[in-house]
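Here is what each chain is made of, one letter per residue.
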Amino acid sequence: MRKLTLMSCVAAAALLANGAAFANDELIKLSKDPKQWALPTGDYANRRYSELDQINSDNVRNLVPVWSFSTGVLRGHEGGPLVIGDVMYFNTPFPNIVYALDLNHEGRILWKHEPKQDPSVIPVMCCDTVTRGVAYGDGKIFQLQADNTLVALDAKTGAVVWSAKNGDPSKGETGTAAPQVVKDKVLVGISGGEFGVRGSITAYDIKTGKRVWRGYSMGPDSDTLMDPEKTTHLGKPVGPNSGITTWQGDQWKIGGGTTWGWYSFDPELNLIYYGSGNPSTWNPKQRPGDNRWSMTIWARDADTGVAKWVYQMTPHDEWDYDGINEMVLVNQEARKVLVHFDRNGFAYTLDRVTGELLVAEKYDPVVNWATKVDMDKSSPTYGRPLVDKKYSTEANGEDVNSQGICPAALGSKDQQPVTYSPLTGLFYVPANHVCMDYEPFRVSYTAGQPYVGATLSMYPPKGDSHMGLVTAWDAKNGKIVWSNKEMFSVWSGAVATAGNVVFYGTLEGYLKAIDATTGQELYKYKTPSGIIGNVTVYEHKGKEYVAVLSGIGGWAGIGLAAGLTNPTEGLGAVGGYSALSNYTALGGQLTVFALPGK
């Protein structure tokens, strides 16, 4: 405790010495301008909502592609472009080329940054060589490279301003997440849970690249940046060294809980929110205990990194239900809440000030691994999922194939972000409708080698042929309002607009537009490759545009992206998505759409 208090005081003293935390006024202003798309998450609340309405539910059927750009790279394009003024910025899968395109001249290249990375990083990237985008702030473009180097580039020239090593790829520590600029810092997570990496989130000084703080997902309080008396879990203090006590021996040192999703920020509360992923290994028998704080929603102070509260959604994970999906910050009446659609198939609504659990309901009815989340505050299992032993890989044991588990390991939703419309009050969820067989086996840890310990197969739920959904969700009441079927998982991030339209992409390669109220399909256009990128909406010279990257890959498309054919390869996805090859092929293209005419 004394060590933690001392650490917090030192951080606070450093802030005071600088006069105050430098709020990035330019970025805040840009994020409120609907003509721009200044953050990877759309805004700090991660709503991915555009106030533009030139394209609306009446005229979207007239949308046409107006220009396109080949990225020069194949494999999965999982990010989305930023738009700052007259310039569009985006990056590619490995080797992580960063482009700055001139919107005044239909995508003329202003500059291009191609880092020199050791290709040996490719085999230690779990689920394709993806990246989820770049960030902007302080006149710089920030990229977390595959080799875990955070690079700051001059936004005007592309010149490297500074770089910082965030981890060691020889140990499986890689980078796939989009950075997030918060105040005077750049936040980055880390990937590699399938290699026994210990998850963390790190804040770097935006001017110099110097590390300001790092909070681990598990370990002693000095590592997790927890105050055992003030940091709470479901309203109660976490207690001393809570990131160790539910692990056996030193297993926490290779405990997983990586942080490769999205990062939200509430400036009024000065709190950042994000999720931690699965514990290592995938064989639950080898790591008894709740494995805190994997599978957890975190609320941390933006200046010091100290955790205010945590909530572990899936204690002692037995199915690889990473908790990294985005946290969307909205207000329900006078209450500040956080809404999270977890891989485990439950949608959670929490008070983001206190961490109080308000709603936990299934957003796909086929979810069967747990009957419900216990919402009785007087119950000893309050806040925990009530696991059905039939689908418990722990109860069934090692070398036993547990069948018919829903959802599959890639979850009812993976990292593909939802969108929220204040017009309808609904969340729109690009979802997976997939189940699995899961057979855990004993595995030993070697640094830099896969540390999985399970064989998987994936397929649609019994009686269904579709593997994807787009679902409209009422987060206040925890109810599905309507749900549309898609042939394959919807792996693209969605955007809702003031035109009462929701845009998203499909694995076959369609950009689609649906009515936000009814879900009726209004428009679709087939791009050259499957879409796993996130839709961006912006305005330039008085005209509204919709932009999306296509390029099949990611976990769902790993078979095509990496040329895999064994059904259990790609952690079970190759067999489940084998039919994708009948509908799309590799590519890497940005396509920009608008209404015809000036």
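Brief notes about the environment of leucine 144
Here leucine 144 lies in strand β8 (residues 140-144). Relative accessible area serves as the criterion here: at 1%, leucine 144 is assigned to the buried category. Between the alpha carbons of leucine 144 and asparagine 96 there is a distance of 8.8 Å; along the sequence they are 48 residues apart. Beyond its immediate sequence surroundings of up to four residues, leucine 144 is in contact with Thr131, Thr149, Leu150, Asn166, Gly175, Thr176, Ala177, Pro179, Val188 and Gly189.

Considerations on the sheet that holds strand β40 (residues 589-594)
Overall, antiparallel pairing links the four strands, which are arranged β2-β40-β39-β38 in an open sheet. Strands with a single pairing partner mark the edges of an open sheet, and in this sheet they are β2 (64-70) and β38 (536-540). On average, each strand axis in the sheet is tilted by 25 degrees relative to the strand beside it, whichever way the strands run. Here six bridges tie β2 to β40, and the two strands are oriented antiparallel to one another. Among the inter-strand pairings, phenylalanine 69 is bridged to a residue of β40, identified as leucine 590.

Focus: the confidence of the model for the protein chain
Per-residue confidence for the protein chain gives a mean pLDDT of 94, with 96% of residues at or over 70. Between residues 1-23, whose pLDDT stays under 50, and residues either more than four places distant or in other chains, the model counts 22 contacts.

Description of the nonpolar core
Ranked by internal contacts, the top residues of the largest apolar core, which has 84 residues, are Met88, Phe503 and Leu590. By residue number, the principal contributor to this core is strand β39 (residues 543-550), which donates five residues. Setting aside anything within four residues of it in sequence, one finds leucine 590 in contact with Trp67, Ser68, Phe69, Thr71, Pro81, Met88, Phe90, Leu101, Ala547, Val548 and Leu549. Counting 54 residues, the second largest nonpolar core, distinct from the first, contains Leu234, Ala360, Ile405 and Met458.

About the criteria used
- Residues numbered from 1 in each chain as written.
- Predicted model: local features only at pLDDT ≥ 70, side-chain atom pairs only at ≥ 80, totals over all residues.
- Heavy atoms only, no water.
- Helix = DSSP H or I, 4+ residues; strand = E, 2+ residues; numbered from the N terminus.
- Buried < 20%, exposed > 50% of the residue type's maximum accessible area, 1.4 Å probe, protein only.
- Contact = heavy atoms within 4.5 Å.
- Pairing = 2+ DSSP bridges.
- Axes fitted to C-alpha atoms, helices over the stretch in contact; angles between N-to-C directions.
- pLDDT = per-residue confidence, 0-100.
- Core = buried A, V, L, I, M, F, W, Y, C linked by side-chain atoms within 4.5 Å.

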